[in-house]
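# Report on the structure
In case you want the letters, here they are:
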Amino acid sequence: MSDSEDMTEFGSIVERITKGEVPIKNIERELICPICKELFTHPLILPCQHSVCHKCVKELLLLNHEDSLSTDAGSECSLPGSPRSRVPSPSMERLDRLVRSGSISSPGWRRGSVTPRITTFPCPGCQHDIDLGERGISMLFRNFTLESIVERYRQAARAAVAIMCNMCKPPVQEATKSCMDCKASYCNECFKLYHPWGTPKAQHEYVGPTTNFRPKVLMCPEHEMEKVNMYCEVCRRPVCHLCKLGGSHANHKVTSMSSAYKILKEKLSKSIHYLISKEDQVRTQISELEVLINQTEENGTLAERQANEHFDRLFEILQEKKADMLRSIEQSRTRRLEKLRGQVDEYQGMLENSGLVGYAQEVLKETDQSCFVQTAKQLHIRIQKATESLKTFHPAADPGFDEFALDVSKEEVMLKEMCFGGVPDPPIIDRAQSRVYNEGLICWELPEDSCPTDQQVLEYRKHGADEEQGRWQVRESVHGPSTVVCDLDSDSVYSFRVRTRRNAAFSSYSPEVSFYTPPAPVFGFLFNDKCGFSPERLVLNKQRDSVQSVAGLPFLLAAERVQTGSYVCLDYIIGDTGISQGRHYWAFHVEPHSYMVKVGVASDSKLQEWFHHPRDTSSPRYDHDSGHDSGSEDTCYELSQPFTLVTVGMGKLFIPKGSVAAAAGDHGNRVLPMPQRIGVCLDYEEGRVFFYDGDTMRCLYERQVDCSGTMYPAFGLMGSGGVHLEEFITAKRLAYNGNGH
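For the structure given in this document, a descriptive report is provided here. Computed from a predicted structure; not experimentally measured.

## Description of the overall build of the protein
Looking only at helices and strands, one finds 15 helices and 33 strands in the protein. Within the span of the protein, comprising 741 residues, buried residues form 35% of the whole. Nonlocal contacts in the protein, meaning residues at least 24 apart in sequence, comprise 62% of its contacts between residues at least 6 apart. As displayed, the protein offers around 45100 Å² of accessible surface, 54% of which is attributable to carbon and sulfur atoms.

## Overview of the environment of Phe654
Looking at where Phe654 falls in the secondary structure, it is placed in strand β27 (residues 652-654). Residue classification places Phe654 among the partly exposed residues on the basis of a relative accessible area of 26%. For the pair Phe654 and Leu672, spaced 18 residues apart in sequence, the C-alpha to C-alpha distance is 6.4 Å.

## Concerning empty space enclosed by the protein
Within the structure shown, the criterion is met by three cavities of 30 Å³ or more. If you add up the space inside the largest cavity, you get close to 40 Å³. Classifying every residue of the lining of the largest cavity gives five nonpolar, one polar and two charged.

## Some details on the environment of Ile329
Here Ile329 shows up in helix α8 (residues 279-348). Under the relative-accessibility criterion, Ile329 is labelled partly exposed at 25%. For the pair Ile329 and Phe404, spaced 75 residues apart in sequence, the C-alpha separation works out to 7.3 Å. Ignoring anything within four residues of it in the chain, the contact list for Ile329 reads Phe401 and Phe404.

## Some details on helix α9 (residues 355-363)
Two residues of an α-helix separated by three or four positions point the same way, owing to the 3.6 residues in each turn. Along α9, the residues that are buried comprise Leu356, Gly358, Ala360 and Val363. Contacts made by the buried residues of α9 are with α10 (369-391).

## Digging into the sheet that holds strand β9 (residues 230-232)
Across the sheet, three strands lie side by side as β10-β9-β11; this open sheet has antiparallel pairing. Lying at the two open borders of the sheet, with one neighbouring strand each, are β10 (237-239) and β11 (254-256). Within this sheet the neighbouring strands show an average axis-to-axis angle of 40°, counted without direction. Alignment of β9 against β10, held across three bridges, turns out to be antiparallel. Each bridged residue has a counterpart across the sheet, and for Cys232 the counterpart in β10 is Arg237. Sheet contacts for helix α7 (residues 257-277): β9, β10 and β11; angle to β11, the most-contacted strand, approximately 90°.

## Some remarks on the packing of α9 against α10
For the pair α9 and α10, the least separation of the axes is 11 Å and the interaxial angle reads 150°. If you check the angle between α9 and α10, you find them roughly antiparallel. Pair α9 / α10 crosses with left-handed handedness. Across from Leu356, Tyr359, Ala360 and Val363 in α9, the residues of α10 making contact are Phe372, Thr375, Leu379, Arg382, Ile383 and Ala386. Among the residues making up the contact of α9 with α10, the classes are represented as eight nonpolar, one polar and one charged.

## Here's the deal with the sheet that holds strand β22 (residues 546-549)
Reading across from one edge, β21-β22-β33-β24-β29-β30-β31 is the order of the seven strands in this open sheet, with antiparallel pairing throughout. Edge positions in the open sheet fall to β21 (538-540) and β31 (698-704), since each of these has one partner strand only. Neighbour to neighbour, the strand axes of the sheet diverge by 20° on average, direction disregarded.

## What to know about the pattern of salt bridges
Evaluation of the coordinates by the stated rule reveals 17 salt bridges. The residue Lys253 makes a salt bridge to Glu233 at a minimum N-O spacing of 3.7 Å. Within this pair, whereas Lys253 is found in the loop between α6 (241-246) and β11, its partner Glu233 is found in the loop between β9 and β10, the two being separated by 20 residues in sequence. Glu702 is paired through a salt bridge with Arg688; the nearest N and O atoms lie 3.0 Å apart. Remark: Arg688 occurs in strand β30 (residues 688-693) and Glu702 occurs in strand β31; sequence separation between them is 14 residues.

## Considerations on the pairing of strand β14 (residues 440-445)
Of all the six residues making up β14, five are buried; the element is thus mostly covered by neighbouring parts of the structure. Alignment of strand β12 (residues 428-429) against β14, held across two bridges, turns out to be antiparallel. Opposite Ile428, over in β14, you have Glu445 as the bridge partner. Where strand β13 (residues 435-436) lies against β14, two bridges are found, and the strand directions are antiparallel. By the bridge assignment, Arg435 is partnered in β14 with Leu441.

## Focus on the side chain of Ser434
Secondary-structure assignment places Ser434 in the loop between β12 and β13. By relative accessible area, Ser434 is classed as buried at 2%. A distance of 3.0 Å separates a polar atom in the side chain of Ser434 from the backbone nitrogen of Cys443. In contact with Ser434, not counting residues within four places along its chain, are Ile429, Leu441, Ile442, Cys443 and Phe515.

## Considerations on unusual backbone geometry
The peptide bond linking Pro170 to Pro171 adopts the cis configuration, its omega dihedral lying at 0°. Even without glycine at this site, Asp491 takes up a positive phi of about 50°. Positive phi, close to 55°, is recorded for Met697, a residue that is not glycine. If you trace the backbone, Met697 turns up in the loop between β30 and β31. The exposure class of Met697 is buried, given its relative accessible area of 13%.

## Quick look at the nonpolar core
The biggest cluster of nonpolar side chains holds 35 residues, and the ones touching the most others in it are Ile573, Trp586, Phe588, Leu682, Phe715 and Val723. Beyond its immediate sequence surroundings of up to four residues, Phe715 is in contact with Phe525, Phe527, Asp571, Tyr572, Ile573, Phe588, Lys598, Val599, Val723 and Leu725. Grouped together as the second largest cluster of nonpolar side chains are 24 residues, Cys36, Cys56, Phe121 and Leu146 included.

## Some details on the packing of aromatic side chains
All chains considered together, the criterion is met by 15 aromatic pairs. Here Tyr186 and Phe191 contribute two aromatic rings whose centre-to-centre distance is 6.0 Å and whose plane-to-plane angle is 70°, an arrangement assigned as edge-to-face. The class of Tyr186 is buried, set by a relative accessible area of 3%. Taking relative accessible area as the criterion, Phe191 reaches 13% and is therefore assigned buried.

## As for α7
Here α7 is 21 residues long and its end C-alpha atoms lie 30 Å apart, about the 30 Å a rise of 1.5 Å per residue gives. The complete set of buried residues in α7 reads Ala260, Ser269 and His273.

## A few points about a nonpolar patch on the surface
The grouping of Phe311, Leu314, Phe315 and Leu318 at the surface amounts to a nonpolar patch, some 380 Å² of accessible area in total. Tracing the backbone through its elements, the reader meets Leu314 in helix α8. With a relative accessible area of 41%, Leu314 lands in the partly exposed category.

So, how was this worked out
- Residues numbered from 1 in each chain as written.
- Predicted model: local features only at pLDDT ≥ 70, side-chain atom pairs only at ≥ 80, totals over all residues.
- Heavy atoms only, no water.
- Helix = DSSP H or I, 4+ residues; strand = E, 2+ residues; numbered from the N terminus.
- Buried < 20%, exposed > 50% of the residue type's maximum accessible area, 1.4 Å probe, protein only.
- Contact = heavy atoms within 4.5 Å.
- Areas by Shrake-Rupley, 256 points an atom, 1.4 Å probe, with all protein chains shown as cover.
- 1 Å grid on protein atoms, 1.4 Å probe; cavity = no way out; pocket = protein on both sides within 12 Å on 5 of 7 lines; lining within 4 Å.
- Points joined across faces, edges and corners; volume = space filled by probe spheres on them.
- Nonpolar A, V, L, I, M, F, W, Y, C, P; charged D, E, K, R; others polar.
- Pairing = 2+ DSSP bridges.
- Axes fitted to C-alpha atoms, helices over the stretch in contact; angles between N-to-C directions.
- Parallel < 35°, antiparallel > 145°, perpendicular 65-115°, else oblique.
- Left-handed = near helix turned anticlockwise from the far one by under 90°.
- Salt bridge = Lys/Arg side-chain N within 4 Å of Asp/Glu carboxyl O.
- Polar contact = N/O pair within 3.5 Å; in protein donor to acceptor, adjacent residues only side chain to side chain.
- Core = buried A, V, L, I, M, F, W, Y, C linked by side-chain atoms within 4.5 Å.
- Phe/Tyr/Trp six-rings, centres within 6.5 Å; stacked < 30°, edge-to-face > 60°.
- Expected span 1.5 Å × (residues − 1).
- Patch = residues over 30% accessible without salt bridge, like charges linked within 9 Å, V, L, I, M, F, W, Y side chains within 5 Å.

Here's what the structure looks like:
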């Protein structure tokens, strides 16, 4: 669609709205006051551009003042949902009496006014604090446009109730016009009678029948005698010329009202046109939401059924366990009672006139010796056993049932900790804190409602792998905001996601976050404070994983040579571990304020000679990337120096001359934004070094390098700056004892 067609369409929309042809139904939600939940009555525009009924603003201010009085008195109060439905409190009644009696005369109060001294309240629409200042409500504009729309809506809602003429004698006729100057409604005859041709009244502004009369000219609330004729673009509100000349808008950017009218009307028209053009999309999204509503209802019902099944199963298990335990207790009790009762019977026989003792006494009466011996032998054995049992008395059964005592304290705690208040919110993976190399440190932000008993479940998978390797791998039972994933492949892309588990409930997954692993295994090292280290200008921390360049007194003394054409040299520092084979990767970040930092690799075969016999640094061509354009001389120089470096400084990364990126000779191709993390990969066998954006693993620059000896990570600093090695690169520092070993 062409611009002319667009403007024609915009004009058509504006014309339809102006003429009232756009249906006014279904806009009730835009006409409801957010406080009283009723149609707006004399709406006022707040500084945040939301509208509130005049009466509601006053009630909000009274509520705030009541809260301050209640707080001072040490009482407690709570804000109700609607000011119009609140019950008057003693403090409010006391405030009303003070207002009616005129006893309140402090600054900010007017006698006979209900505007309190407290003039700050939260906007019900956006919750921003609104400060009305000393003028209070009087500084707010009435929203006449909204008032007119509400009135038209009222008329549409009660179309059967006509507006009658205010001038007719009975029988009163239906009004056909309303005069905005006279603030009255007229039928055709009365309008001709009271607005005759040729008189000043014939020039009055008239509209269709209405009961909403507003002033013809909007007046400034701060300068009541001045008309509003400009628009403040900073405060986004109409102002008068006095506001601009010496008022609160003196230093603000203002425009003419006609220009603001044209711009805002065009913007609104374009926005309306965009919404109308997207009506099919909105309907499609509404359909999708309705499908989601149905799915939510179905899934909620399914969740209820599953919850009932789970608890019913738990109840069944508990009932089974309960029945088993009660049966075991009953059987044990029966056996013990039988034994104890048998023991009672046995001991009962030991009494004199019963049982064993009585029988023995009768046997003693036997006089026949042979018969006595025959009977007494067995009886004597029984009596001996009874005698021994008296000496070592032991109950036949233990009356205690301690073996059936259950310790269910853990189960009780677990049941009490079970929370069914809703599914927890998912964690959010923190890309800035996470690091992925051969191992991955994945960090996330826990939801606000998390508790120490929550568990996180991390899942990750490799992109572009076969079906088996491409499956989600799970790391369960993670407590806290991070975990380490091991055995990641080099030069790969991994996706990570995490969710929270609270008892048996899982949150949804966090958005997937992808990380690139380095092109080679991680090379671990610390800074070397022995070889060529300059302690006067470089500060190394105790862990030897961070180095700072400081502009101290030696730097200032060296800078005096600038007057005679000399230049200050770089201070170099290398890693404490060398590379003699394979592919290796390391990463670091350079402080954004750094003036100049060189990063790359260095050869040990030339390092000793370099540090003992440093090259002439009195020329800008001290380094091959200094800006000098003599190709042949640079080539000779590069062959003699041990470093292969790129330059980082002042928030930029500079690609050396002669690279592919700068082949076109365009200076802009050589200057890149400094990555937050810089990675270096050395392929010793191939004799190449690569420089990467450590976050995206995008190769920024590569070049050939002579790997005839042992290669070391190398850094050069000049001026203020700093280099910090990544934690995974400096893993060996955990064993560092502070003695330089």
